[in-house]
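Observations on chain architecture
Below, each chain spelled out in residue letters.
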Amino acid sequence: METDFEIVAYDKLPERLQLAKDAGAKVAGSVAEAATGADVVIQLTMSDDIPDVLLGEQGALAVVKPGAIVVVTSTTTPQMLNRVIEAAPAGVEVVDAPIVGGVRYAREKSVTFLLGGSEQVASKLDPVLSVMGIIRYVGKSGNGVAYKLITNVAIMAAEAGLREALDLADELDMDYELSLDLMSVGPMAAVVSRTRHQQPASAASLRRGRRHPALGGQRSRACPADLRGRAGTPVGGRACQGGLRSRLRRPDAQDDGPQQLIDHQNR
């Protein structure tokens with residue numbers, strides 16, 4: 001961890017805390033201990049964990065000092081961000097800086113922070129967040145959260161298109177893995193990589209069942225493991241209507257709002 005800043009980390013999982021320690025960070029026994037005395041508090045959890053990490057008697061906002069900056073990096077809702085802002089003590093600045101980029105980008109220190117807040121605070125955070133990636137200033141408070149939800153819509157649409165393409169591969173009796181390989185040399189490369197990275201599959205699992213005698217010559221419609229939904233629901237292929245595609249098309253999908261986009265991000 002190449003930085004001149006003193007980093008104090010906390011994670012409820014001991015193995016992750018050990019990784020932080022091995023990288024050169026000091027470790028704390030609680031969120032409050034990690035946040036006490038900090039100039040900048042960076043929250044790096046899922047949206048559902050924000051109340052435990054930032055709010056309440058044991059949260060960071062209960063102990064953070066005046067003049068500190070609290071950075072919310074989750075893909076979350078405007079409502080949750082407003083809860084954090086309203087709970088912040090006087091003199092504490094809360095900014096939203098959702099992260100674009102997954103684990104691979106984090107390891108390469110090339111994630112992008114969509115930072116919403118004052119330009120003055122953004123300037124103060126630049127030397128801190130630039131250790132982990134790039135800051136893209138997107139305007140006033142709340143804009144970071146909003147733009148992250150917008151980018152999630154684009155990702156979901158691209159992944160839905162990928163599944164439609166694999167439907168066509170199935171109808172034409174073409175090979176799944178070769179289809180994905182060919183798509184990965186064009187503009188869909190990032191989408192294919194993301195899909196495969198979520199749950200790597202062997203070559204065999206990427207191939208649909210051909211006409212199986214036990215099914216009377218019908219396709220087995222087995223679904224590739226790396227295209228399964230959150231709860232193992234198959235996705236992709238006309239007979240595999242679960243997961244993302246059904247969530248996009250089901251009658252009540254419009255009622256999910258930002259939470260559906262967050263669930264997609266966290267799956």
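Above this text you will find the structure in question.
Described in the following lines is the structure provided in the data block. On a predicted model such as this, the values are computed, not experimentally measured, just so you know.

Points about the overall build of the protein chain
Secondary structure summary: the protein chain contains 11 helices and 8 strands in total. Classification of the 267 residues of the protein chain by burial places 39% in the buried group. Contacts in the protein chain between residues at least 24 apart in sequence constitute 55% of all its contacts with a sequence separation of at least 6. Of the roughly 14,400 Å² of accessible surface on the protein chain, 55% is carried by carbon and sulfur atoms.

Concerning the pairing of strand 5 (residues 93–96)
Relative to strand 5, strand 4 (residues 69–72) is paired through 4 bridges, and the arrangement is parallel. Its bridge partner lying in strand 5, Val71 is registered against Val95. Taking the sense of rotation as the criterion, the β-α-β connection linking strand 4, helix 4 (residues 78–87) and strand 5 turns out right-handed.

Considering the pattern of salt bridges
If you walk through the whole model with that rule in mind, you get 2 salt bridges. Note that Glu6 is salt-bridged to Lys26, the shortest N-O span being 2.8 Å. Of the two residues, Glu6 is situated in the segment before strand 1 (8–9) and Lys26 in strand 2 (residues 26–27); the sequence distance between them amounts to 20 residues. What makes Glu6 exposed here is its relative accessible area of 60%.

So, the nonpolar core
Counting residues in each nonpolar core, the largest one holds 22 residues, and the members touching the most others are Leu54, Leu61, Val70 and Val84. Mapped by element, the contributors of at least two residues to this core are helix 2 (31–35), helix 3 (50–54), strand 4, helix 4 and helix 7 (143–171). Each residue touching Leu54, except ones within four places of it in the same chain, is listed here: Gln43, Gly59, Ala60, Leu61, Val70, Val72 and Val84. In this structure, Val95, Ala97, Val111 and Phe113 belong to the second largest nonpolar core, which totals 13 residues.

About the thresholds
Residues numbered from 1 in each chain as written. Predicted model: local features only at pLDDT ≥ 70, side-chain atom pairs only at ≥ 80, totals over all residues. Heavy atoms only, no water. Helix = DSSP H or I, 4+ residues; strand = E, 2+ residues; numbered from the N terminus. Buried < 20%, exposed > 50% of the residue type's maximum accessible area, 1.4 Å probe, protein only. Contact = heavy atoms within 4.5 Å. Areas by Shrake-Rupley, 256 points an atom, 1.4 Å probe, with all protein chains shown as cover. Pairing = 2+ DSSP bridges. Right-handed = clockwise from strand over helix to strand, strands pointing away. Salt bridge = Lys/Arg side-chain N within 4 Å of Asp/Glu carboxyl O. Core = buried A, V, L, I, M, F, W, Y, C linked by side-chain atoms within 4.5 Å.

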